[in-house]
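Structural description and commentary
Here are the chains, one letter per residue:
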Amino acid sequence: MQNRAYIFILATLMIDAIGIGLVFPIMPDLMVRVGAGTTGEGALWGGILMASYAGALFLFAPIIGSLSDAYGRKPVLIAALFVLAVDYVIMAMADVYWVLLIGRILAGVAGATYTTATAYIADISNAKERSARFGMIGAAFGIGFVLGPAIGGIAAQWHVTAPFWIAAALSAVNVGFGLFVLPESLTEEKRRPFGRNDLNPFKTIIEAFKIPGLWIPLICLFVFEFANMVYPTLWAFFTRELFGWSSLLIGVSLAGYGILLAGVQGGLMPVFISRLGEFRTLQLGFISALIGFVGFGLISTVTGLVLILLFAALSDLSPPMMTAIAANLVEEDKQGLVQGVIASLSSVAAFLAPLVATGVFEAFVDDQGAYLPGAPFLMAGVLIVLVVPLMVKLRRYAQS
């Protein structure tokens with residue numbers, strides 16, 4: 001039964017990644033459909049769209065995580081999946097920007113899929129299993145990002161909204177699947193009451209930061225996620241500006257990244273953890289992230305882009321390590337809270353980063369002055385350097 005549940009959670013996360021990845025290749029064309037202007041302006045409006053999703057996720061992720069601590073993972077997870085299916089239909093029917101904006105806000109409200117699924121994995125795993133299993137979450141996302149951009153790039157040749165209809169169908173099928181195969185992972189005796197404080201995301205975050213040592217992986221995750229948001233926010237606009245790529249080529253490049261990501265997190269990560277331990281694996285991810293950001297900031301050729309993608313994929317070794325360390329610092333009845341706070345902090349990063357990154361991109365592409373499309377990547381590299389002293393402190397909490 002536990003194996004079936006584990007497979008369902010991974011399938012759910014993979015389908016979520018497919019739905020997200022479907023959109024990336026068509027973002028420039030989608031902005032044209034709803035009336036955005038030049039490449040720089042389209043990137044800016046696309047960034048606002050992503051920020052609205054993140055803002056809604058910030059407000060609701062801790063609430064949803066705490067609800068799952070009180071009432072169980074299954075009902076919360078199924079409800080979130082259903083709302084996502086409805087959201088994709090709204091996105092498919094949108095032909096003006098404000099409808100698209102409402103759709104993304106609704107998706108943010110339903111962003112508990114990742115939060116609750118991660119708490120579910122924590123429920124059914126012991127401390128030593130969590131790093132590898134959180135890595136498998138990344139692998140599931142990687143497979144989704146292989147399929148998503150590829151399907152999105154191909155489906156967009158029929159119509160720009162076709163990818164949304166595909167995502168809606170996949171989500172609806174997964175709701176039915178979950179109703180029949182997913183057992184509840186959180187027993188009655190391990191649940192905690194849901195109170196008024198759980199409705200306030202700021203109080204929930206403050207509560208998490210009061211747990212001894214937890215603030216260190218939380219801050220590291222926040223900064224890392226802020227920096228990494230430059231990829232989904234700007235990849236389509238960056239490659240179109242630098243190389244003139246079509247939606248299909250953008251989708252193929254993202255699919256290639258997904259293959260690398262799945263290989264790193266599903267294949268290499270367990271090997272690194274067993275041979276190097278959690279902390280050295282975390283270090284490897286940070287070093288790779290820095291190389292990736294600096295490389296993308298300075299590249300001018302497709303060959304250079306392909307080489308740097310290898311380091312970008314290796315950088316994703318870090319988040320599962322930090323998530324596992326955070327999970328191991330709390331008791332079972334607070335796993336939902338902690339995962340909700342992690343998702344909430346990630347959503348704050350995802351709210352702020354697109355606004356900052358697209359502003360920097362527009363300034364170095366559309367405005368007069370220095371032309372440097374990779375400037376947002378260099379900015380992300382600086383952030384990674386700044387958080388290294390905190391990352392070093394995680395050594396004491398990592399599993400050997």
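Overview of the structure. For clarity, every value in this text was computed on a predicted model and none was experimentally measured.

Quick notes on the rules
- Residues numbered from 1 in each chain as written.
- Predicted model: local features only at pLDDT ≥ 70, side-chain atom pairs only at ≥ 80, totals over all residues.
- Heavy atoms only, no water.
- Helix = DSSP H or I, 4+ residues; strand = E, 2+ residues; numbered from the N terminus.
- Rg over C-alpha atoms; globule rule 2.2 N^0.38 Å.
- Buried < 20%, exposed > 50% of the residue type's maximum accessible area, 1.4 Å probe, protein only.
- Contact = heavy atoms within 4.5 Å.
- Phe/Tyr/Trp six-rings, centres within 6.5 Å; stacked < 30°, edge-to-face > 60°.
- Axes fitted to C-alpha atoms, helices over the stretch in contact; angles between N-to-C directions.
- Left-handed = near helix turned anticlockwise from the far one by under 90°.
- Nonpolar A, V, L, I, M, F, W, Y, C, P; charged D, E, K, R; others polar.
- Expected span 1.5 Å × (residues − 1).
- Bend = angle between axes of the 7 residues up to and from the residue.
- Core = buried A, V, L, I, M, F, W, Y, C linked by side-chain atoms within 4.5 Å.
- Salt bridge = Lys/Arg side-chain N within 4 Å of Asp/Glu carboxyl O.
- Polar contact = N/O pair within 3.5 Å; in protein donor to acceptor, adjacent residues only side chain to side chain.
- Parallel < 35°, antiparallel > 145°, perpendicular 65-115°, else oblique.
- Patch = residues over 30% accessible without salt bridge, like charges linked within 9 Å, V, L, I, M, F, W, Y side chains within 5 Å.
- Areas by Shrake-Rupley, 256 points an atom, 1.4 Å probe, with all protein chains shown as cover.

Next up on the list: the overall build of the chain. Scanning the chain from terminus to terminus reveals 16 helices and zero strands. Relative to the globule expectation of 21 Å for 400 residues, the C-alpha radius of gyration of the chain, 20 Å, shows essentially globular dimensions. Judged by the C-alpha coordinates and their principal axes, the chain covers about 60 × 45 × 35 Å. For the chain, with 400 residues in total, the buried portion stands at 58%. In the chain, of all internal contacts separated by at least 6 residues, the share reaching a separation of at least 24 is 84%.

Now for the packing of aromatic side chains. Within this structure, the stated rule accounts for 11 aromatic pairs. Seen in terms of ring centroids, phenylalanine 296 and phenylalanine 377 are 5.5 Å apart; in terms of plane orientation they differ by 40°. Their pairing is tilted. With phenylalanine 296 in helix α12 (residues 247–298) and phenylalanine 377 in helix α16 (residues 375–392), the pair connects residues that are 81 residues apart, well separated along the chain. A residue is classified by how much of its surface remains accessible, and phenylalanine 377, at 0% relative accessible area, is buried. Ring pairing ties together the aromatic residues Tyr231, Trp235, Phe238, Phe293, Phe296 and Phe377, which thus form one cluster.

Taken N-terminus to C-terminus, the directions of helix α14 (residues 318–328) and helix α15 (residues 335–365) make an angle of 145°; their axes are 10 Å apart at the nearest point. Judged by the twist between their axes, the crossing of α14 over α15 is right-handed. In this structure, α14 contributes Thr323, Ala326 and Ala327 to the contact, and α15 contributes Gln335, Val338, Gln339 and Ile342. Each residue belonging to the contact of α14 with α15 can be placed in one class, and the counts come to four nonpolar, three polar and no charged.

In this fold, alanine 150 is placed in helix α7 (residues 127–155). Note on alanine 150: relative accessible area 28%, which makes it partly exposed. Considering only alpha carbons, one finds alanine 150 and leucine 106, 44 residues apart in sequence, at a separation of 25 Å. In this structure, alanine 150 is in contact with Gly251 and Ala255, ignoring residues within four places of it in sequence.

Turning our eyes to something else, we now look at α12. With 52 residues, α12 extends just 23 Å between its outermost C-alpha atoms, more than 12% less than the 76 Å of an ideal straight helix rising 1.5 Å per residue. Its axis deflected by about 115° at leucine 276, α12 carries its strongest bend there.

Another aspect to go through is the nonpolar core. Ranked by internal contacts, the top residues of the largest apolar core, which has 83 residues, are Phe293 and Phe296. Per element, the largest residue contribution to this core is 13 residues, and it comes from α12. Here phenylalanine 293 is in contact with Ala227, Asn228, Val230, Tyr231, Phe377, Leu378, Ala380, Gly381 and Ile384, once residues within four sequence places are set aside. In terms of nonpolar packing, the next biggest core, distinct from the first, is built from 24 residues, Phe8, Ile78, Ile121 and Leu182 among them.

With that settled, the discussion passes to the pattern of salt bridges. Within this structure, the stated rule accounts for two salt bridges. Between arginine 104 and aspartate 87 there is a salt bridge; the shortest N-O distance is 3.2 Å. Linking arginine 104 in helix α5 (residues 97–109) with aspartate 87 in helix α4 (residues 73–93), this pair joins segments that are 17 residues apart in sequence. We note that arginine 104, like aspartate 87, is buried.

Inspection of the secondary structure puts serine 253 in helix α12. Of note is the side chain of serine 253, whose polar atom sits 2.7 Å from the backbone oxygen of isoleucine 250.

With that out of the way, let us pick up the packing of helix α10 (residues 215–228) against α12. Two elements in contact, α10 and α12, have axes whose closest approach is 12 Å; the angle formed by their N-to-C orientations is 30°. Considered as vectors, α10 and α12 are oriented roughly parallel to each other. Taken as a pair, α10 and α12 cross one another with a handedness that is left-handed. Contacts between α10 and α12 involve Phe224, Ala227 and Asn228 on the former and, on the latter, Gly285, Phe286, Ala289 and Phe293. When grouped by side-chain class, the residues that make up the contact of α10 with α12 number five nonpolar, two polar and no charged.

On to a nonpolar patch on the surface, then. Together, Trp45, Ile48, Phe351, Leu352, Leu355 and Val356 line one region of the surface with nonpolar side chains, adding up to about 460 Å² of accessible area. Taken together, the elements giving at least two residues each to the nonpolar patch come down to α3 (39–71) and α15. It is α15 that contributes the most residues to the nonpolar patch, four residues altogether. Relative to the assigned elements, isoleucine 48 resides in helix α3. By relative accessible area, isoleucine 48 is classed as partly exposed at 30%.

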